[in-house]
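For reference, the chains in residue letters:
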Amino acid sequence: MKKTFVDRAADFVLAVERVFGERPRVLDGSRAVQLGDVRLSLEAGERELCLIRMHGALAEYLAVFEVRGDIEVPLLRAKEFLDA
């Protein structure tokens, strides 16, 4: 029996760069990145993408997007949220 493991974090940094068009600062072993004052973090066993605005040491959670399959889908939703 062959098992397949899916590691969403493996493509996370590259997907952020593709969607947002800039190279993010990598935090927390590739499960969190920062673009300016916005942090994108994979949480809850990589099933949630949290969008967090950093105010110095304070974190303001703006939105949480469910991750199902392709990581780019919630990243696109996060980008749309920020652009609105």
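Just so we're clear, the structure is a prediction, and the values are computed from it rather than from any experiment.

Within the structure shown, the criterion is met by 1 aromatic pair. An angle of 75 degrees between the planes, with centres 6.3 Å apart, marks the rings of Phe-65 and Phe-81 as edge-to-face. Placement of the pair is Phe-65 in strand S5 (residues 58-66) and Phe-81 in helix H2 (residues 72-83), with a sequence separation of 16 residues. Residue classification places Phe-81 among the partly exposed positions, given a relative accessible area of 39%.

Tracing the backbone shows Gln-34 in strand S2 (residues 32-35). For Gln-34, a relative accessible area of 14% translates into the label buried. Polar side-chain contacts of Gln-34 include one of 3.4 Å to the side chain of Arg-39. Among residues more than four places away in sequence, those in contact with Gln-34 are Pro-24, Arg-25, Leu-27, Arg-39 and Met-54.

Here is what the cut-offs are and how they apply
Residues numbered from 1 in each chain as written. Predicted model: local features only at pLDDT ≥ 70, side-chain atom pairs only at ≥ 80, totals over all residues. Heavy atoms only, no water. Phe/Tyr/Trp six-rings, centres within 6.5 Å; stacked < 30°, edge-to-face > 60°. Helix = DSSP H or I, 4+ residues; strand = E, 2+ residues; numbered from the N terminus. Buried < 20%, exposed > 50% of the residue type's maximum accessible area, 1.4 Å probe, protein only. Polar contact = N/O pair within 3.5 Å; in protein donor to acceptor, adjacent residues only side chain to side chain. Contact = heavy atoms within 4.5 Å.

Spatial relationships are all this shows, so hold off on functional conclusions.
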